Amino acid sequence: MNKSHALPLVVALLGALPLAQAQQAAPAPAQQQQAPAVQQPGQLPAQAGAPVNPAAAKQAEFERNLRAQVLLDRAYFSPGEIDGAYGSNMRQALSSFQATRKLPVTGKLDEATWNALNGDNTPHLVTYTLAEADVAGPFRPIPEDMMDKAKLPELGYASVTEGLGEKFHASPALIERLNPGKNLGRAGEQIVVPNVHGKQPLAKAAKVVVKEGPKVLQLYDAGGALLAQYPVSTGSSNDPLPIGTWKINSVHANPTYNYNPKLFWDAEPGDKKAKIAAGPNNPVGVVWIDLSKEHYGIHGTPVPAHVGKTESHGCIRLTNWSAAEVAGAVSAGLEVVLES
């Protein structure tokens, strides 16, 4: 497994957190409107008995999943990377949404769940005008090797679409699919994006719970009510999740990373200690939340599509945008329960 996906020891320096700031103060969309080819809010696919066109049915399923994923994100039941496809992260988000709404817990986008989600009639796609900061870069490929990473002055985005994907909680492929023929590298271009900004602020959490089985991190208020849920990666047989109750020591934005190959069972021969610069493609992403269990933390990742799908080196790994949201809702001293 690539060590860049999650690493257990970090020396983090508190600094600016551009991604978190973007979540809290994203530029207002140019128009609050649906893309012409996408279902209107709450619209169901064709009724049973109607002639079935396989391509049209596949597109309708994509559109329905896409709207559901955006609405789940807006309700703080994160499906992870928004891509319009039903998978394990979406299933877990739906299950918890259903439980909180006292619906049958199926993990599927059934009619009752669809109707409950559409209690929020917000358009799930909006237009956005590309800013100079979105396209300015510099964009550079990110090497796999840790020693090569250490040579870079910063671990920024590899492409415009990667940056836009993180800004709008989506896969780069979805950004491209929603914008055929658009010049994604030109400031001033109007594009269609998931409507994930401008949602209700997330309340401060009183407790964090990480569940290894369903691979989720949950935030609870003082009364025990679920505030938010996010998919996570949570360890491996070589580096298991440290089950138990811990506390948050500190929260660090935009961390640098001190790599020590002696701490890794799968370190490459010849690797030496190295400092990895900050940035969204830093091995721990844009946030490090240090836990009272030495060398363990909650953090972001440079590979959001892998969250909930792959193993980690023992830490709790979220997408960068989820890590930024969690960081804004927690503080030092908060209880963190890690469950099997």
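Residues numbered from 1 in each chain as written. Predicted model: local features only at pLDDT ≥ 70, side-chain atom pairs only at ≥ 80, totals over all residues. Heavy atoms only, no water.

### Some thoughts on the nonpolar core
Link 1 in the chain: With 28 residues, the main nonpolar core has Val208, Leu217, Leu219, Tyr230, Ile298, Ile316 and Val330 as its most contacted residues.
Link 2 in the chain: Broken down by secondary-structure element, the contributors of at least two residues to this core are β3 (207-211), β4 (216-220), β5 (226-231), β9 (287-291), α9 (320-329) and β12 (335-339).
Link 3 in the chain: The dominant element in this core, judged by the number of residues it contributes, is α9, at four residues.
Link 4 in the chain: Excluding residues within four positions of it along the chain, tyrosine 230 makes contact with Tyr76, Ser78, Leu202, Lys215, Val216, Leu217, Leu219, Leu318, Ser322, Glu325 and Val326.
Link 5 in the chain: Core analysis: the next-biggest nonpolar cluster, separate from the first, contains 21 residues, Phe62, Leu66, Leu130 and Ile191 among them. (Core = buried A, V, L, I, M, F, W, Y, C linked by side-chain atoms within 4.5 Å. Buried < 20%, exposed > 50% of the residue type's maximum accessible area, 1.4 Å probe, protein only. Helix = DSSP H or I, 4+ residues; strand = E, 2+ residues; numbered from the N terminus. Contact = heavy atoms within 4.5 Å.)

### Comments concerning the sheet that holds strand β11 (residues 316-317)
Link 1 in the chain: Read from one edge of the open sheet, eight strands run β5-β4-β3-β12-β6-β9-β10-β11, paired in mixed fashion. Looking at which strands have only one partner, the edges of the open sheet turn out to be β5 and β11.
Link 2 in the chain: Where strand β6 (residues 244-253) and β12 come together, four bridges link them in antiparallel fashion. Each bridged residue has a counterpart across the sheet, and for tryptophan 246 the counterpart in β12 is valine 336.
Link 3 in the chain: Contacts from helix α3 (residues 88-100) reach β4 and β5 within the one sheet, and its direction differs from that of β5 by about 165°.
Link 4 in the chain: In the packing of α9 onto the sheet, contacts are made with β4, β5, β6, β9 and β10 (297-299), and the angle to β9 comes to roughly 50°. (Pairing = 2+ DSSP bridges. Axes fitted to C-alpha atoms, helices over the stretch in contact; angles between N-to-C directions.)

### A short note on empty space enclosed by the protein
Link 1 in the chain: Scanning all chains against the criterion turns up one cavity of 30 Å³ or more.
Link 2 in the chain: Counted as a void, the largest cavity has a volume near 30 Å³.
Link 3 in the chain: Every residue along the wall of the largest cavity is listed here: Asp73, Tyr76, Ser78, Lys199, Tyr230, Trp321, Ser322 and Glu325.
Link 4 in the chain: Among the elements that take part in the lining of the largest cavity, α9 stands out by supplying three residues, more than any other. (1 Å grid on protein atoms, 1.4 Å probe; cavity = no way out; pocket = protein on both sides within 12 Å on 5 of 7 lines; lining within 4 Å. Points joined across faces, edges and corners; volume = space filled by probe spheres on them.)

### A look at α9
The periodicity of an α-helix, 3.6 residues per turn, causes residues three or four positions apart to be oriented the same way.
Link 1 in the chain: For α9, the tally of buried residues reaches nine of 10 residues, placing the bulk of the element in the interior.
Link 2 in the chain: Listing the buried residues of α9 in full gives Asn320, Trp321, Ser322, Ala323, Ala324, Glu325, Val326, Ala327 and Ala329.

### Focus on the pattern of salt bridges
Link 1 in the chain: Evaluation of the coordinates by the stated rule reveals six salt bridges.
Link 2 in the chain: Within this structure, Asp73, Lys199 and Glu325 form a network of salt bridges that share partners. (Salt bridge = Lys/Arg side-chain N within 4 Å of Asp/Glu carboxyl O.)

### Focus: α3
Link 1 in the chain: The end-to-end C-alpha distance of α3, which contains 13 residues, comes to 19 Å, matching closely the 18 Å that a straight helix rising 1.5 Å per residue would cover.
Link 2 in the chain: Inspection of α3 places Asn89, Met90, Ala93, Leu94, Ser95, Ser96, Phe97 and Gln98 among the buried residues, and these make up the whole buried set.
Link 3 in the chain: The elements touched by buried residues of α3 are α2 (54-74), α4 (111-117), β4 and β5.
Link 4 in the chain: The positive-phi residue at the C-terminal boundary of α3 is lysine 102, with phi of around 55°. (Expected span 1.5 Å × (residues − 1).)

### Description of the pairing of β9
Link 1 in the chain: With four of five residues buried, β9 is to be regarded as a mostly interior element.
Link 2 in the chain: Here β6 runs beside β9; their pairing, made up of five bridges, is antiparallel. Residue pairing across strands places valine 251 opposite isoleucine 289, the latter belonging to β9.
Link 3 in the chain: In terms of strand pairing, β9 meets β10 through three bridges, oriented antiparallel. Bridge assignment links isoleucine 289 to a residue of β10, and that residue is isoleucine 298.
Link 4 in the chain: The hairpin formed by β9 and β10 contains five residues between the paired strands, and histidine 295 there has a positive phi angle of roughly 75°.

Honestly, it's all geometry; don't read function into it.
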